[in-house]
Amino acid sequence: VASSSSRGVWSARMVRIALAGSLLLASLVAGGIWNAAAIGEPVLVEVDRAEGTTAFASGDRLNLRTLVLPDGAVDLKLGSGVRLECQAPLMARFEHPMRLHLSRGRVDVDVGAEGFGFTVVTSAGEVVDLGTKFSVNASADGEVRVAVFSGQVELRHK
């Protein structure tokens, strides 16, 4: 009798261990998927101009997820035709080809004919292009400034 009750306790423990292991594995997989989404997808960029930086060189064609510019300035052209003039210090990441999350720095955006709807996301909200040229400057302390050179943008506050 002791043997069968011992097997029952052992079986219950194994079920609990298997369930805990399954939950742990599921959370790791889900965390990896969520983290991948937070990182964003790579975006093909062409470097038109690089000045005062060793991070980029004119003529480079790169797949970027993150955009870090410690010094200088760089002009990038995206596959959509959107042009970004980036000034250091800049930290940003592409969420996808039509969405840039700007953590810090200044980026001047010229969306051209094909880039309608290009969005710059900041800590204060989103700047959505409505066919324009505009600039977004995000400081390390969370202050965000937007300038519109031509056309219109839509501001979506958080």
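Anyway, here's the lowdown on the structure attached to this text.

**Section: a nonpolar patch on the surface**
Here is step 1 of the chain: Among the surface-exposed residues, Val146, Val148 and Leu155 lie close enough to one another that they form a single nonpolar patch of about 220 Å² accessible area.
Here is step 2 of the chain: One can find valine 146 in strand S10 (residues 144-150).
Here is step 3 of the chain: In this structure valine 146 comes out as partly exposed when scored by relative accessible area, which is 34%.

**Section: the environment of glutamine 87**
Here is step 1 of the chain: One can find glutamine 87 in strand S5 (residues 83-96).
Here is step 2 of the chain: Since its relative accessible area comes to 33%, glutamine 87 is described here as partly exposed.
Here is step 3 of the chain: With sequence-adjacent residues up to four places away left out, glutamine 87 is seen in contact with Leu69, Gly72, Gly105 and Arg106.

**Observations regarding the pairing of strand S7 (residues 119-122)**
Here is step 1 of the chain: Here S7 shows two buried faces, one formed by Thr119 and Val121 and the other by Val120 and Thr122.
Here is step 2 of the chain: As defined by bridge partners, strand S6 (residues 99-110) adjoins S7 across three bridges and the pair is classed as parallel. Bridge assignment links arginine 99 to a residue of S7, and that residue is threonine 119.
Here is step 3 of the chain: Here S7 runs beside strand S8 (residues 125-129); their pairing, made up of four bridges, is antiparallel. Note that in S8 the partner of valine 121 across the bridge is glutamate 126.

So, how was this worked out
- Residues numbered from 1 in each chain as written.
- Predicted model: local features only at pLDDT ≥ 70, side-chain atom pairs only at ≥ 80, totals over all residues.
- Heavy atoms only, no water.
- Patch = residues over 30% accessible without salt bridge, like charges linked within 9 Å, V, L, I, M, F, W, Y side chains within 5 Å.
- Areas by Shrake-Rupley, 256 points an atom, 1.4 Å probe, with all protein chains shown as cover.
- Salt bridge = Lys/Arg side-chain N within 4 Å of Asp/Glu carboxyl O.
- Helix = DSSP H or I, 4+ residues; strand = E, 2+ residues; numbered from the N terminus.
- Buried < 20%, exposed > 50% of the residue type's maximum accessible area, 1.4 Å probe, protein only.
- Contact = heavy atoms within 4.5 Å.
- Pairing = 2+ DSSP bridges.

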